[in-house]
Amino acid sequence: MHDTWAIKKNNNGGAKGDLPLTAKTAENSIVWVRDVPIGGVAAVVIAGPCSVESREQITETAFAVKASGAVMLRGGAYKPRTSPYDFQGLGVDGLKLLRNAGDEADMPVVTEVMSEEDVEIVADHADMLQVGARNMQNFALLKKLAKTRRPILLKRGPSATVKEWLAAAEYILHGGNENVVLCERGIKTFDNSLRNTLDIAAVALVKEMTHLPVIVDPSHATGKRSIIGQCAKAAIAVGADGVIVEVHPRPDEAWSDGAQSLTFENFAELMAGMRAPIRGVLTPSGIAVAA
Ligand code: PEP
Ligand code: MN
């Protein structure tokens, strides 16, 4: 097993540099999650709660976000929490509730897989598997995910460089799974005004460096409900292929990440904002707006 890995690596070296499989190609890749194309002409919006809490909560959210325009449902069943005393997720019960809500609302679902031993059960229930920011360099997990046929949503580690992020994606491609979507979700910087710092330039940069689709998570990047809509719009303006946002029926009662969760109404506004033109530009001959 280990030897096969090494031999394949040697075969990949050469003209395309040290990250040959993720490197830019003539055509960008589209990753299909069931019938949803990520990386195609249109930006996609994935929405749902941070954590799956109950049948009612996840199903109600699925129908609400779909009605506003989301094409995929998110919801965590295995939660990576900073404190061991915080809610850790409903586990398999959460996976079942998420699957059921996705089926009822007819939407593909994405959820995080935290450990190698859970890959099979999560892949049995979800259409796309998320590698959380804290696990971006869990190489054993990446290698295992490379062997599944499910598309992978690979979050950028909070302290990872762009190159380390692409190298993590390279692990998954190299191991046999080409369906990787990258997700910028904010990094750690000196500034603690927000939960993280949204590295919007990295999105434009990574779009230049790789053929893989790139999406943005303005919820974890900011931690602040009131600015998530603008950041989602900025993400699309800079070239992202979509956004993933946290939405909860009653954010004040959320079991995790309530402060950054949008209400259904907030989410409808975000969707409307994404469709509106960004702003006219003042020129010597007047205000220019996109056609
Ligand atoms: C999440 O999506 O709920 C999550 C925990 O994200 P991240 O790994 O980016 O912190
Ligand atoms: Mn969250």
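Residues numbered from 1 in each chain as written. Chains lettered and ligands numbered in written order. Predicted model: local features only at pLDDT ≥ 70, side-chain atom pairs only at ≥ 80, totals over all residues. Heavy atoms only, no water.

### Things to note about the environment of Leu95
Our working definition: Secondary structure is summarised from DSSP: a helix means a run of H or I of at least four residues, a strand means a run of E of at least two, and numbering begins at the N terminus for each. Throughout, a residue-residue contact means that at least one pair of heavy atoms, one from each residue, lies within 4.5 Å.
By the element assignment, Leu95 lies in helix α3 (residues 92–105). Linking Leu95 and Ala77, residues 18 residues apart in sequence, is a C-alpha distance of 5.8 Å. With near-sequence residues (within four places) excluded, Leu95 lies in contact with Ala77, Tyr78, Thr111, Ile121, Val122 and His125.

### Some words on the site of ligand 1
Note the threshold: Near is defined per residue: the residue qualifies when any heavy atom it owns lies within 4 Å of the molecule or strand. Nitrogen and oxygen atoms within 3.5 Å of one another constitute a polar contact, given that in protein one can donate a hydrogen and the other can accept it, and given that sequence-neighbouring residues count only through two side-chain atoms. Here the accessible surface of atoms and residues is derived via Shrake-Rupley with a 1.4 Å probe, and residues count as covered only by protein chains that are part of the display. By the convention adopted, Pro, Cys, Tyr, Trp, Phe, Met, Ile, Leu, Val and Ala count as nonpolar, Lys, Arg, Asp and Glu as charged, and the other residues, Gly among them, as polar.
As a matter of local geometry, ligand 1 sits amid 13 residues, with Arg74, Lys79, Ala133, Lys155 and Arg185 nearest to it. Between ligand 1 and the protein, one listed contact pairs an oxygen atom with a side-chain N or O atom of His220 at 3.2 Å. The separation between an oxygen atom of ligand 1 and a polar side-chain atom of Glu246 is 3.4 Å. Burial of ligand 1 by the protein amounts to 97% of the accessible area it has alone, namely 300 Å². Among the residues making up the shell around ligand 1, the classes are represented as three nonpolar, three polar and seven charged.

### Let's talk about unusual backbone geometry
Formally: For every residue, the accessible area (1.4 Å probe, protein chains only) is compared with the maximum for its type, and the residue is labelled buried under 20%, exposed over 50%, or partly exposed between those bounds.
Phi angles above zero are rare outside glycine, and Arg34 is one such case at about 50°. Within the fold, Arg34 resides in the loop between β1 (31–33) and β2 (36–38). Of the residues examined, Arg34 reaches a relative accessible area of 41% and is grouped as partly exposed. Its identity as a non-glycine residue notwithstanding, Asp257 has a phi of 55°, on the positive side. Given a relative accessible area of 19%, Asp257 falls into the buried group.

### A few points about the pairing of strand β3 (residues 44–48)
Formally: Pairing between two strands is assigned when DSSP locates at least 2 bridges connecting them. Look down the strands so they point away from you; if the path from the first strand over the helix to the second goes clockwise, the crossover is right-handed.
Within β3, five of the five residues are buried, which leaves the element mostly enclosed by the surrounding structure. Residue alternation in β3 divides its side chains into two sets, Val44, Ile46 and Gly48 and Val45 and Ala47, and both sets are buried. Bridge count between β3 and strand β10 (residues 242–246): five bridges; the pairing is parallel. The partner of Val44 across the bridge, within β10, is Gly242. Pairing geometry for β3 and strand β4 (residues 72–74), over two bridges, is parallel. By the bridge assignment for β4, Ile46 is matched with Met72. Assessed by its sense of winding, the connection that carries the chain from β3 through helix α2 (residues 55–68) to β4 is right-handed.

### Digging into the side chain of Thr222
Looking at the secondary structure, you find Thr222 in helix α8 (residues 218–222). Other than its neighbours up to four places away in sequence, Thr222 contacts Leu194, Arg195, Ile227, Ile228 and Cys231.

### Description of the coordination of the manganese ion (ligand 2)
Here is the rule: Keep in mind that water is not among the atoms, so a site may look incomplete; donors are the N, O and S atoms within 2.8 Å of the metal, or 3.2 Å for Na, K and Ca.
Around the manganese ion (ligand 2), the protein contributes the donor atoms Cys50 (SG), His220 (NE2), Glu246 (OE) and Asp257 (OD), which lie 2.0 to 2.4 Å from the metal centre. Along the chain, the residues that donate to the manganese ion (ligand 2) are spaced as C-x169-H-x25-E-x10-D. With Cys50 in the loop between β3 and α2 and His220 in helix α8, this residue pair connects regions lying 170 residues apart in the sequence. Here the two residues Cys50 and His220 agree in accessibility, since each one is buried.

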